[in-house]
Amino acid sequence: MAGLELLSDQGYRLDGRKATELRKVQARMGVFAQADGSAYIEQGNTKALAVVYGPHEMRGSRNRTLHDRAVINCQYSMATFSTAERKRRPHGDRKSTEMSLHLKQTFEAAVMTQLYPRSQIDIYVKVLQADGGNYSVCVNAATLAIIDAGIPMRDYVCACTVGFVDETPLADLCFAEESGSSLALALLPRGGQIALLQMDAQLHQDHLEALMDAAMTACKGVSKVLDEVVRRHLQEVSVLTGE
Amino acid sequence: MLNFYRLDGRQTYDYRKIKITFGTDYGCCFVDLGKTRVMAQVSCELVTPKESRPNEGIMFFNLELSPMASPAFELGRSSELLVKLNRQLERCLRNSRCIDTESLCVVSGEKVWQIRVDVHMLNHDGNLMDATSIAAIAALSHFKRPDVGIQGDVVTVYSAQERDPIALSIYHMPICVSFSFFQQGTYLLVDPCEREERVMDGLLMIAMNKHREICSIQSSGGIMLLKEQVLRCSKIASVKVSEITDLIAKALENDKKARKEGRKCGFAESMPQERITALKNLETTVEMTDLTKQASDIVEGVETPAEMALSPVVPAPGVGQVGAGLQNAWGLEDEEDEEEEVDGDEPEVTIVAEKRGNKKKGESKSNLTCVTRCVLLCCNVNLTM
């Protein structure tokens, strides 16, 4: 991507944001009536949809039942129209499987699975438009969907993708900015615990701390936004159903 | 673990012994990490490039987990572990751009080299990811591709005899270092062996190169990390990576020297000749001070079994019965010990119990303890010899 200035001299990025600014987040919970919990989130141009079914009895392979916890089953897929070139294989390819595994790992750490032994919680996430930070937006969407389903969690799981350009950490990358180094971090904000850490491409070791700090700050910002969304939704629902 | 000693005596930040050997072909590499054994083979062919990148070569990675490596692996099915290892290797080597892919272009838009790295696990004793990354990068450093000549539109690929093959241009060597966490992050180990991997809470993989650039970080296994832990791991990783990179460079040097001198090189040569040159029985000390006393105590405190001959009973015409079934022994207390002869076998045990069966208390359980005890006596007797 030669010729594109990711960070101008005045400190503005390609879409006019400052280095630590997040993209505009619009989210809605309870979009599907059929599912136990669902959420739709837009972070800038990245749009993702998450649906949660559960906790219910183990379907599929019975022998994977855990006697003291619930099994979390995640599937990540991207719509064929989500990227610039049409995707041939929306699920089943290696990248989607890896993302599904990461999502599963993230939520196994956050959801209180001990409360539902021998059951299964399904989380399905679909990316409708991919403009950078796919994994992070999916995690945020899935968090909202789980809250909508009423499954107890230890804390919000907020994720953000940060990058490093010209000695400055950039928060919440878009697709053009992702070509450099990018770090995706899923955080439980209250305890500062990292549920998942994933980094690609090169970064000098000395910059790691600054980048992680920027990521944690950005995640805390995301958690505030998600919290506001949940409260607003709750207010709307309680008004509709009467008190 | 509590005294910071591991199962095999290593310290918490120690790697197992790494041994790198190269095969006769260029691009074949074996890596031993303790007992974990991994083989990587690099090959190349001319293909049409991707439409989005017409003047770059293609790198393709393939990992195989065969049941040869571990009984837990099944043939054919793509398991989670395989996907994870595959993706991590791809991210570590492809996204970090350690190989100059533009130099692999022959005719822009039509013909480029596709470098294919196949990695096979031969033995799984923990920490497959590190061994894989070392093997892959060593094999890529060792590999030489055929030379290509272009005259106008005609592209000729020269074989190894016509022109010397060319090595790949490698910018840097990313090496993966794995950290395993135990007990919610209180304990941290480098290079887990297979037993440690089974009980660990989570894994953190950091891929770095010698210039202290982090190429990839991946946390897995559902543990909660703290920022300080990650930073500490990255510092440890940078030390380890420089050691391992020196080791690879040394191995490559040795191999180049061996080939130049015309010595035989390759896998067969590098296997150590395991011939028994001396036989020595190591003696271990066994605690045997009060053994005779223990044995005599057991022998004395027990009654001798009554001598009896079992006579067959005929409950019905055509049916003969010797002995009778035992009482149900589940959940019942056992009686006092019964003496058994040292070479007592199972039928004799039940017969004795039958004689005492009038007590209606489960004795088969105590019989079992007697049998085990007499087995123990046998073993102890053997040791004294």
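In this text the structure is predicted, and so the values were computed from the model without any measurement.

Thresholds, definitions, all that
Residues numbered from 1 in each chain as written. Chains lettered and ligands numbered in written order. Predicted model: local features only at pLDDT ≥ 70, side-chain atom pairs only at ≥ 80, totals over all residues. Heavy atoms only, no water. Helix = DSSP H or I, 4+ residues; strand = E, 2+ residues; numbered from the N terminus. Buried < 20%, exposed > 50% of the residue type's maximum accessible area, 1.4 Å probe, protein only. Contact = heavy atoms within 4.5 Å. Polar contact = N/O pair within 3.5 Å; in protein donor to acceptor, adjacent residues only side chain to side chain. Pairing = 2+ DSSP bridges. Axes fitted to C-alpha atoms, helices over the stretch in contact; angles between N-to-C directions. Salt bridge = Lys/Arg side-chain N within 4 Å of Asp/Glu carboxyl O. UniProt positions renumbered as here; feature names shortened; annotations may be inferred.

1. Description of the environment of A:Gln202
The residue A:Gln202 is located in strand β9 (residues 193–204) in this model. Judged by relative accessible area, which is 30%, A:Gln202 ranks as partly exposed. Taking the C-alpha atoms as reference points, A:Gln202 and A:Gly54, separated by 148 residues in sequence, lie 40 Å from one another. The residues contacting A:Gln202, other than those within four sequence positions of it, are A:Ser181, B:Ser96, B:His172, B:Asn209, B:Glu213, B:Ile214 and B:Cys215. Within the local environment of A:Gln202, its side chain forms a polar contact with the side chain of B:His172, the two groups lying 3.4 Å apart. Reaching out from A:Gln202, the side chain makes a polar contact with the side chain of B:Glu213 at a distance of 2.5 Å.

2. Focus on the sheet that holds strand β7 (residues 168–171) of chain A
In spatial order, the strands read β7(A)-β6(A)-β8(A)-β9(A)-β14(B)-β13(B)-β11(B)-β12(B); together these eight strands make up an open sheet with antiparallel pairing. Because the sheet does not close on itself, it has two edges, and the strands there are β7 of chain A together with β12 (187–190) of chain B. Within the sheet, the average angular offset between the axes of one strand and its neighbour, ignoring direction, is 25 degrees. Pairing of strand β11 (residues 175–182) of chain B with β12(B) involves four bridges; the strand directions are antiparallel. Residue pairing across strands places B:Phe181 opposite B:Leu188, the latter belonging to β12(B). Those strands touched by helix α3 (residues 208–241) of chain A are β6 (158–165), β7, β8 (182–188) and β9 of chain A together with β14 (213–220) of chain B, and its axis lies near 140 degrees from that of β6(A).

3. Focus: the environment of A:Val165
Residues and elements named next belong to chain A. Among the secondary structure elements, Val165 is positioned in strand β6. Separated by 15 residues in the primary sequence, Val165 and Gly180 have C-alpha atoms spaced 7.7 Å apart. Every residue in contact with Val165, bar those within four places of it in the chain, is listed here: Leu6, Leu7 and Leu170.

4. Structural notes on unusual backbone geometry
Of the consecutive residues A:Gly54 and A:Pro55, the connecting peptide bond is found in the cis state with omega at -5 degrees. Among the structural elements, A:Pro55 can be located in strand β3 (residues 46–57). Positive phi, normally seen in glycine, also occurs at A:Arg118, with a value near 55 degrees. Mapping A:Arg118 onto the fold places it in the loop between α1 (94–110) and β5 (119–129). Positive phi is not limited to glycine here, since B:Asn127 has a value of about 60 degrees.

5. Concerning the pattern of salt bridges
Residues and elements named next belong to chain B. The full count for this structure, using the stated rule, is 20 salt bridges over all chains. Between Glu90 and Arg87 there is a salt bridge, with the nearest N and O atoms lying 3.1 Å from each other. Of this pair, Glu90 and Arg87 both sit in helix α1 (residues 80–95), three residues apart, roughly one helical turn. Taking the relative accessible area as the measure of exposure, Arg87 reaches 8% and is therefore buried.

6. Some points on the UniProt feature "domain: Exoribonuclease phosphorolytic" (unreviewed entry) in chain A
Those residues carrying the UniProt feature "domain: Exoribonuclease phosphorolytic" (unreviewed entry) are residues 21–152 and 155–217 of chain A in this numbering. Between the end C-alpha atoms of residues 155–217 of chain A the distance is 16 Å, and the span holds 16% helix and 49% strand.

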